[in-house]
Amino acid sequence: MRHFTDFDSQPVPKHDAFNRAFLRLTPQTLQAINRAVVQAAVDLGIEDGQKLRVDTTVVETNIHYPTDATLLWDGVRVITRLVEDLHEKLPHGVTGFTNRTRCARRRMQEIQRMTSQQRQDHQVPKYRQLLRVTAQVVENARAVVQKTEGFQVLDLLDSLAIDQLRKQIQHFCQLADRVVDQTRRRVLQGEQVPSQQKVYSLFEPHTDLIKRGKAQKPVEFGHKVFLAESAQGLITDYRVLDGNPSDENQVPASLEQHQETFGCPPDLYGADRGFYSPDNVRRCEQAGVTEVCIPQRGGTKTAAQKLREKSPAFRKGQRFRAGIEGRISVLFRGRGMKRCLAEGRQRFEVFVGAAVLTNNVLRIAALLQKPSARPRRAA
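Criteria and thresholds
Residues numbered from 1 in each chain as written. Predicted model: local features only at pLDDT ≥ 70, side-chain atom pairs only at ≥ 80, totals over all residues. Heavy atoms only, no water. Helix = DSSP H or I, 4+ residues; strand = E, 2+ residues; numbered from the N terminus. Buried < 20%, exposed > 50% of the residue type's maximum accessible area, 1.4 Å probe, protein only. Areas by Shrake-Rupley, 256 points an atom, 1.4 Å probe, with all protein chains shown as cover. Lys, Arg positive; Asp, Glu negative; His and termini not counted. Charge placed at Lys NZ, Arg CZ, Asp CG, Glu CD. 1 Å grid on protein atoms, 1.4 Å probe; cavity = no way out; pocket = protein on both sides within 12 Å on 5 of 7 lines; lining within 4 Å. Points joined across faces, edges and corners; volume = space filled by probe spheres on them. Nonpolar A, V, L, I, M, F, W, Y, C, P; charged D, E, K, R; others polar. Phe/Tyr/Trp six-rings, centres within 6.5 Å; stacked < 30°, edge-to-face > 60°. Lys NZ or Arg CZ within 6 Å of the ring centre and 35° of its normal.

Asks: Explain the overall build of the chain to me, and be specific about the residues and the numbers.
Replies: Within the chain, the regular secondary structure consists of 12 helices and seven strands. Taken over the C-alpha atoms alone, the chain extends approximately 80 × 70 × 35 Å along its principal axes. The buried share of the chain, reckoned over its 379 residues, is 42%. Roughly 21100 Å² of accessible area belongs to the chain as shown, and the carbon and sulfur atoms make up 50% of that amount. Charged side chains of the chain number 59 positive and 42 negative; the gap between the two group centres comes to 6 Å.

Take a look at the structure:
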């Protein structure tokens, strides 16, 4: 094994070497590497950028389905665990903190197990009890952090661990305050809290709520990801979007990125009706796109628009556009992009970039084995 890996008599990397190297990657680094890979495909004559199809999908974050009760319970149990860790690190422990996890868990389970009829009469009192417990835990945890401020121990490692635990307690207390506020507004005051102001996970607070009108998944939790694919199956552009923006906002940026990569606009631009707007069609035509294959969304179609969408060229372009659905399926099933197990927004972007980069490298390797699949360069 040492001879096969070329380690010979040298020290073998530790088991966490790959993880430590992965943590050094940044989203900007992966973006640059992906552009270099696409440029290598252009230099090899594999891709010419004459066709472009775009779509958006949702990559889930690694969270449980969020409800107000489970989020409050998460806050109680995590803050309590961190305070207990701090208690073990300090020579004399901490005082003034009571473990309320059992009480909070019971209130959460009672709320979760209620029937529709029981919720009308008993939901609000149970939520008041759970809110009271959560607020007490947060208040006591903040008092513990204040009491341990400036506390010094002889061991440097223990001192660093104590400071880190205090920072984590403050972080989760702030998130728990937001959960308490949104629960009071929604359950007690009957207010419809905007999705931008909600917290859907204490561990992945960057998570967005995405509604795409899908019957099987009306609500998804993660981030919307924009993908642009060439005719040879290379993802030439990808972006992790904030919130739930409309698809039509992504057309101008995708055209600019394509022109920067290939030096010219695509001859065909294919997208679904979610990307349609008169301004987007006009931008594509002004940029030099010969065939803009974006079906009209809503409104009454003019006779010219109906004739255009029934033309053989438009239908062929829409059949080409449907191919990106298969690429998304490959990314989900074969590249593991369906659900991100990494923590944090930056790691999420690195995760998506790694899946895209893997797809492009493997796709180029497959194309190099089929010389007949290479496009001819213009004379």
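Asks: Describe empty space enclosed by the protein, with residues and values.
Replies: Tallied over the entire structure, the rule returns one cavity of 30 Å³ or more. Considering the residues around the largest cavity, the lining is formed by L52, A228, T236, D237, S254, Q257, H258 and T261. Take the lining of the largest cavity: its biggest share by element is four residues, from helix α7 (residues 251-262). Along the lines of polarity and charge, the residues of the lining of the largest cavity split into two nonpolar, five polar and one charged.

Asks: Describe the packing of aromatic side chains, listing the residues and the values that go with them.
Replies: Summed over the entire model, instances satisfying the criterion amount to five aromatic pairs. Geometrically, the ring pair formed by Y65 and F221 is edge-to-face, given 5.4 Å between the ring centres and 90 degrees between the ring planes. Remark: F221 occurs in strand β3 (residues 220-230) and Y65 occurs in the loop between β1 (51-61) and α3 (68-89); sequence separation between them is 156 residues. With relative accessibility at 57%, the residue Y65 sits in the exposed group. Over the aromatic face of F320 sits the side chain of K51, whose NZ or CZ is 5.3 Å from the ring centroid. Between the NZ or CZ atom of R53 and the centre of the ring of F320, over which it lies, the distance is 4.4 Å.

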